[in-house]
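In case you want the letters, here they are:
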Amino acid sequence: MRPTVSEQLSGISRLLADVVGPEVLDPYASDVLAGAVTTLELLADGWARVAPFLRWDIEATGRVLALAGVDRPPPPEDPLDIEALYECDRRARRLLSEAMAAVMERPQAREAAVALFRTRADRYPIAARPQPRSGGEPSC
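Keep in mind it's a predicted model, so treat the numbers as computed, not measured.

Some points on the packing of helix 4 (residues 82-98) against helix 6 (residues 107-123)
Contact geometry of helix 4 with helix 6 gives a least axis separation of 13 Å together with a crossing angle of 145 degrees. The interaxial crossing formed by helix 4 with helix 6 has left-handed handedness. Mapping the contact onto sequence places Asp 89, Arg 93 and Leu 96 in helix 4 and Leu 116, Phe 117 and Arg 120 in helix 6. Looking at side-chain class alone, the contact of helix 4 with helix 6 contains three nonpolar, no polar and three charged residues.

Description of the packing of aromatic side chains
One pair of aromatic rings is described through two measures. These are the centre distance and the angle between the planes. Evaluated as defined, the whole model comprises two aromatic pairs. Summarising the aromatic geometry, the rings of Phe 53 and Trp 56 are spaced 5.8 Å apart at their centres and angled 40 degrees between planes, so their arrangement reads as tilted. With a gap of three residues between them, Phe 53 and Trp 56 both fall in helix 3 (residues 50-67), about one helical turn apart. Looking at Phe 53, the relative accessible area reads 5%, which means it is buried. Among the residues examined, Trp 56 registers a relative accessible area of 17% and is labelled buried. Aromatic ring contacts, followed pair by pair, group Phe 53, Trp 56 and Tyr 124 into a single cluster.

Here's the deal with the pattern of salt bridges
As enumerated under the stated definition, the model contains seven salt bridges in all. In this structure, Asp 57 and Arg 93 form a salt bridge, with 3.5 Å as the shortest nitrogen-oxygen distance. Of this pair, Asp 57 sits in helix 3 while Arg 93 is found in helix 4, placing the two residues 36 residues apart along the sequence. Residue Asp 57 is classed as buried on the basis of its relative accessible area, which comes to 0%. Glu 87 serves as the salt-bridge partner of Arg 90, at 3.3 Å between the closest nitrogen and oxygen.

Thresholds applied
- Residues numbered from 1 in each chain as written.
- Predicted model: local features only at pLDDT ≥ 70, side-chain atom pairs only at ≥ 80, totals over all residues.
- Heavy atoms only, no water.
- Axes fitted to C-alpha atoms, helices over the stretch in contact; angles between N-to-C directions.
- Helix = DSSP H or I, 4+ residues; strand = E, 2+ residues; numbered from the N terminus.
- Left-handed = near helix turned anticlockwise from the far one by under 90°.
- Contact = heavy atoms within 4.5 Å.
- Nonpolar A, V, L, I, M, F, W, Y, C, P; charged D, E, K, R; others polar.
- Phe/Tyr/Trp six-rings, centres within 6.5 Å; stacked < 30°, edge-to-face > 60°.
- Buried < 20%, exposed > 50% of the residue type's maximum accessible area, 1.4 Å probe, protein only.
- Salt bridge = Lys/Arg side-chain N within 4 Å of Asp/Glu carboxyl O.

If you want it as structure tokens, here you go:
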């Protein structure tokens, strides 16, 4: 299928940067536009890795839950149903949040949770990148 989702997102990003950007003279509006362009680029780069990330996160979170003695949610029937993956991941993360007292009481579960949080941050497919502001300082 052409153009791909990534190609469409990248194309919109380029149009905004190359066509709209030069016409935006207000510094604040220019910063907002730069943020939108960056977001589109992040989505273009990472959207295809979201489903694999969610499947990994559901499984990894489930292992921590099991170590804490909490039943993990069943994975979605269709591993390609992104909405079902999001919902399952939200349930797993909510269960983990609710089980933190049990996680903290069990050293193996606590170590696994810390490793999960670190690995999750590294693997997240659409991570924000700081962008320079029009004045040259990094934006918040």
